[in-house]
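# A closer look at the structure
The chain contents come next:
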Amino acid sequence: MHGAGGFADGHFGDKLSYVSAKGAKLSGGWGWGCSHNEGVALHAETTGDFTSLCFDEWRSGLFVSTGIGAPDVAPVVQREQCWAGYCGGTFAGRTGDLVKSSTGRYATAFASRGAASAKKNPDDSSGRGWTVKPKTGTHQVAVAFLKNRNSGPGKALYLTNAPGTEHVDVHVAPYGKNRLLVSWESVKNAKCACGTCTGTFTGTHFRLIDWNGTFQSADKVVSARITGDIAVQKDGTLAWAYVPVAPSYTKPLTGASPTSTSLRIARLRP
């Protein structure tokens, strides 16, 4: 939403409302949420508020926003320089996912530049603004674990450490009973400016980790661009719908896009 008066005048936020299967409005949600948000990830629960995370530009980072409005006092998952475009793309569609274990824990994977330093912005009279200096110019693949839907996690774990490589389209999904599959695209020889990195596409990566972040496999790299939301089927099979077109990261898009008449389904069985 775009504020047009009052405390929100000129600012961007979001509203969350719950409705029943018959379309009746239910209680809960919020009227003004993740201010200047870079995206919100939701996990539907059988009861109570949906578990939610959001990248917040004003407060500069990824926050647990379950059941509250603007995350002034929300648990911090990771401080990030979250100017528009700098958080790695829209969360969760191109920046990460949020999944739940059978024991009630949560895992989120996201593209991160980390924080070399993070401090309150003295020029922000509200006292809520933050200034974050990123640790790397490129985005690396990070994963964080939450004990429950309202808690802050421990320190984020990084699955990659390649400052010269940009990592995009990060996703995570449950793989069998006790493991997670994390996927991302890599762009080598990255040159970044104003939140956009150009370079050479070098494939889609898949890695297995456990619920402590411990590697369970080396990277499996495929030349195709297999990205987007991961569908988890009843038998645990993971599935993607993708277009078999190799992306070009040599320069920013100018309006022209690749064309294809083919759509493929990729499946991975635990």
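Structure's up top.
Residues numbered from 1 in each chain as written. Predicted model: local features only at pLDDT ≥ 70, side-chain atom pairs only at ≥ 80, totals over all residues. Heavy atoms only, no water.

What follows is about the overall build of the chain. Along the backbone of the chain there are zero helices and 19 strands. Its C-alpha radius of gyration of 19 Å places the chain within 12% of the 18 Å reference for a compact globule of 270 residues. Overall, the C-alpha framework of the chain stretches about 50 × 45 × 40 Å when taken along its three principal axes. Taking all 270 residues of the chain together, 45% fall into the buried category. (Helix = DSSP H or I, 4+ residues; strand = E, 2+ residues; numbered from the N terminus. Rg over C-alpha atoms; globule rule 2.2 N^0.38 Å. Buried < 20%, exposed > 50% of the residue type's maximum accessible area, 1.4 Å probe, protein only.)

This structure, assessed with the given rule, holds one cavity of 30 Å³ or more. Reported here for the largest cavity is a volume of approximately 30 Å³. Lining the largest cavity, in full, are Asp169, His171, Ser183, Trp184, Glu185, Thr204, Ile226, Thr227, Gly228 and Trp240. Counting residues per element, the lining of the largest cavity draws most heavily on strand β14 (residues 179-193), which supplies three residues. (1 Å grid on protein atoms, 1.4 Å probe; cavity = no way out; pocket = protein on both sides within 12 Å on 5 of 7 lines; lining within 4 Å. Points joined across faces, edges and corners; volume = space filled by probe spheres on them.)

Take the side chain of Thr160 next. Relative to the helices and strands, Thr160 is located in the loop between β12 (157-158) and β13 (166-175). Within the structure, Thr160 has its side chain in polar contact with the side chain of Gln140 (distance 2.9 Å). A polar contact of 2.9 Å, which involves the side chain of Thr160, links it to the backbone nitrogen of Val141. Residue contacts for Thr160: discarding those within four places in its chain leaves Gln140, Val141, His167 and Trp184. (Polar contact = N/O pair within 3.5 Å; in protein donor to acceptor, adjacent residues only side chain to side chain. Contact = heavy atoms within 4.5 Å.)

Of the two faces of strand β5 (residues 61-64), the one holding Gly61 and Phe63 and the one holding Leu62 and Val64 are both buried throughout. In the sheet, strand β4 (residues 51-56) pairs with β5 via four bridges, with the strands oriented antiparallel. By the bridge assignment for β5, Leu53 is matched with Val64. The turn joining β4 and β5, which pair antiparallel and follow one another in sequence, is formed by four residues; a positive phi near 60 degrees is taken by Ser60. Pairing of β5 with strand β6 (residues 76-79) involves three bridges; the strand directions are antiparallel. Looking at β6, one finds that Phe63 is bridged to Val76. (Pairing = 2+ DSSP bridges.)

Counting across every chain of the model gives four salt bridges. A salt bridge links Asp169 to Arg225, with the shortest nitrogen-to-oxygen separation between them at 3.1 Å. One end of the pair, Asp169, is in strand β13; the other, Arg225, is in the loop between β16 (220-222) and β17 (231-232), with 56 residues separating them in the sequence. Among the residues examined, Arg225 registers a relative accessible area of 28% and is labelled partly exposed. (Salt bridge = Lys/Arg side-chain N within 4 Å of Asp/Glu carboxyl O.)

The next subject is the sheet that holds β13. Within the open sheet, the four strands sit side by side as β13-β14-β15-β16. Their pairing is antiparallel. Strands at the two margins of the open sheet, each flanked by one partner only, are β13 and β16. With direction set aside, neighbouring strand axes in the sheet form an average angle of 20 degrees. In the sheet, β13 pairs with β14 via eight bridges, with the strands oriented antiparallel. Bridge pairing in β14 links His171 to Ser183. (Axes fitted to C-alpha atoms, helices over the stretch in contact; angles between N-to-C directions.)

A few words on the sheet that holds β6. Ordered by their spatial adjacency, four strands build an open sheet running β3-β4-β5-β6, and the pairing between neighbours is antiparallel. At either end of the open sheet lies a strand with only one pairing partner, and these are β3 (37-43) and β6. Strand-to-strand twist across the sheet, computed as the mean angle between neighbouring axes with direction ignored, equals 10 degrees.

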